[in-house]
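# Architecture at a glance
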Amino acid sequence: MDMLEVRNVGLTYNDFVAIDDLTFTLEQGKTYGLLGRNGAGKTSILSLIAAFQLQTKGTIKLNKASVFENPESMQKISFVYDQDYSEETEKVKKLLEATKKYRPYFDQEYADYLIKKFKLPLNKPVKNLSKGMQSAFNVTVGLASRSPITIFDESYLGMDVPTREIFYEEILKEQGENPRIIILSTHLVSEMDHLFDEVLVVHKGSLIVKEQYEDLISKGVHITGNENSINKFIQGYKVIHEQKLGGTKSALIYGSLTEQDRELAKKDGLQLNPATLQELFTHLTKEKGDEDE
Ligand SMILES: Nc1ncnc2c1ncn2[C@@H]1O[C@H](COP(=O)(O)OP(=O)(O)OP(=O)(O)O)[C@@H](O)[C@H]1O
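As the structure is a computational prediction, the values presented were derived from the model and not from experiment. (Residues numbered from 1 in each chain as written. Predicted model: local features only at pLDDT ≥ 70, side-chain atom pairs only at ≥ 80, totals over all residues. Heavy atoms only, no water.)

### Overview of the domain arrangement of the protein chain
- Annotation of the protein chain at the domain level lists domain 1 (3-213) and domain 2 (219-284).
- In this assembly, 13 residues from domain 1 lie in contact with 6 residues from domain 2.
- Both sides of the domain 1 and domain 2 interface together cover about 800 Å² of buried area, and 70% of this is carbon and sulfur.
- The interface formed by domain 1 and domain 2 includes 1 salt bridge.
- The salt bridge involving lysine 219 is made with glutamate 211; its shortest N-O contact spans 2.8 Å.
- Seen at the junction of domain 1 and domain 2, the total is 2 residue pairs in polar contact (both at pLDDT 80 or more).
- If you tally residues by element for the side of domain 1 that touches domain 2, the top one is strand β10 (residues 206-212), at 3 residues.
- The residue inventory of the side of domain 1 that touches domain 2, partitioned by class, reads 8 nonpolar, 2 polar and 3 charged. (Domains from an automatic or database assignment. Contact = heavy atoms within 4.5 Å. Buried area = accessible area lost by both parts, 1.4 Å probe. Salt bridge = Lys/Arg side-chain N within 4 Å of Asp/Glu carboxyl O. Polar contact = N/O pair within 3.5 Å; in protein donor to acceptor, adjacent residues only side chain to side chain. Helix = DSSP H or I, 4+ residues; strand = E, 2+ residues; numbered from the N terminus. Nonpolar A, V, L, I, M, F, W, Y, C, P; charged D, E, K, R; others polar.)

Rendered as structure tokens:
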């Protein structure tokens, strides 16, 4: 069972702290959603896991061995990110062959299948592909690499909806048939949440959430009703968002409601509705100056 352990990891660029003190473990067979606002530190974390750079402090280990400058673990990690192909004169077929050389788990049959699915033109220079097609090419490399750790950092850029659907279907299918550690960094929270087994939320370089998707979702509850009753009800709960309309108020609670309180809410005529991951993410990472709806 492959296991990635990130312990007390920090990263500073000159004096700027991009990542503060991250500790988490990832396990084979799970798809992780990595969420965070712009500049939260997602790409920085992923580039450390992929050993593209060395952290300023802490350790990152794959199966107990440090990943940095470790050829064995580097072969097990694929990092799919938004590459600049403006100078890439090589054709799709040739570039795929070249990439394959460094990926010991690469499955050519699966790559051929994906090329067909994504309708990638094998004889076109990669620099001449549309943005969405370049992303499809990257995703093909990432999926067909079958690396024990496969990272997709906003790998959907430029893809249209049907193409993104193919990407999502393949993630689900692959994880079922060839389990690995998959990390999906994304801003398309509501579109991709069905893919996540676990969710990591990074905010200003710190990890503020790491939870099973189902557990996390069960903590978000919208409670709506008469303002006075709501104010009384929410005491003691963590409220991450409030909205008022006339005498009616709606509060978004983050934390498990007791059965007793659910009964109480019903009795008081208060409405309870589950929150979505996107809502929880938005309000948990709210910053001063963000507009309230
Ligand atoms: N090479 C660098 N030198 C200096 N600062 C950097 C460098 N790379 C990233 N940063 C800073 O580190 C912080 C985290 O950046 P990072 O790219 O990891 O964020 P992100 O969560 O991936 O953002 P986005 O969602 O916008 O892609 C940002 O404030 C960014 O400006």
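### Observations regarding the site of the ligand
- Around the ligand sit 13 residues in total, of which Gly39, Lys42, Thr43, Ser44 and His187 are the nearest.
- Across the complex, the protein chains shield 60% of the 640 Å² of accessible surface that the ligand would expose by itself.
- Listed by contribution, the elements that provide at least two residues to the shell around the ligand are β2 (16-27) and α1 (42-49).
- Split into classes, the residues belonging to the shell around the ligand amount to 4 nonpolar, 6 polar and 3 charged. (Near = heavy atom within 4 Å. Areas by Shrake-Rupley, 256 points an atom, 1.4 Å probe, with all protein chains shown as cover.)

### Here's the deal with the sheet that holds strand β5 (residues 65-66)
- Taking strand neighbours across the sheet as the criterion, the 4 strands line up as β2-β1-β4-β5 in an open arrangement whose pairing is antiparallel. Only two strands of the sheet have a single partner each, and these edge strands are β2 and β5.
- Along the sheet, α1 contacts β1 (3-13), β2 and β4 (57-62); its crossing angle with β2, the most-contacted strand, is approximately 60°. (Pairing = 2+ DSSP bridges. Axes fitted to C-alpha atoms, helices over the stretch in contact; angles between N-to-C directions.)

### Topic: helix α4 (residues 108-117)
- Of all the positions in α4, only Tyr110, Ala111, Leu114 and Ile115 are classed as buried. Down the axis, α4 shows its buried residues gathered within 140° of arc, on one side only. When the buried face of α4 is taken as reference, the exposed residues oriented beyond 90 degrees from it are Glu109 and Lys116.
- The inward-facing, buried residues of α4 contact α3 (92-100), α5 (131-145) and α6 (161-177).
- Two or three places before glutamate 109, at the start of α4, stands the capping residue aspartate 107, its side-chain oxygen 3.0 Å from that residue's backbone nitrogen. (Buried < 20%, exposed > 50% of the residue type's maximum accessible area, 1.4 Å probe, protein only. Arc of directions from axis to C-beta.)

### Description of the pattern of salt bridges
- Tallying each qualifying case throughout the model produces 15 salt bridges.
- Here arginine 164 makes a salt bridge to glutamate 191, at a shortest N to O gap of 2.6 Å. Taken as a pair, arginine 164 in helix α6 and glutamate 191 in helix α7 (residues 189-192) lie far apart in primary sequence, 27 residues in all.

### Let's talk about the UniProt feature "domain: ABC transporter" (unreviewed entry) in the protein chain
- UniProt records the feature "domain: ABC transporter" (unreviewed entry) at residues 4-229, using the numbering of this structure.
- Helix makes up 34% of residues 4-229 and strand 31%, and the two end C-alpha atoms of the span are 47 Å apart. (UniProt positions renumbered as here; feature names shortened; annotations may be inferred.)

### Comments concerning unusual backbone geometry
- A positive phi is found at asparagine 14, a non-glycine position, where the angle reads about 55°.
- Of note, asparagine 14 is situated in the loop between β1 and β2.
- Exposure remark for asparagine 14: the relative accessible area of 78% places this residue in the exposed category.
- If you check the backbone angles, lysine 64 has positive phi at about 75° while not being a glycine.
- Here lysine 64 lies in the loop between β4 and β5.

### With respect to the packing of α4 against α6
- Relative to each other, α4 and α6 sit at 155°, their axes nearing to 11 Å. With respect to their mutual orientation, α4 and α6 come out roughly antiparallel. Crossing geometry of α4 relative to α6 is assigned as right-handed. Of the residues in α6, those touching α4 at Tyr110, Tyr113, Leu114 and Lys117 are Ile166, Glu169, Glu170, Lys173 and Glu174.
- A per-class count over the contact of α4 with α6 returns 4 nonpolar, no polar and 5 charged. (Parallel < 35°, antiparallel > 145°, perpendicular 65-115°, else oblique. Left-handed = near helix turned anticlockwise from the far one by under 90°.)

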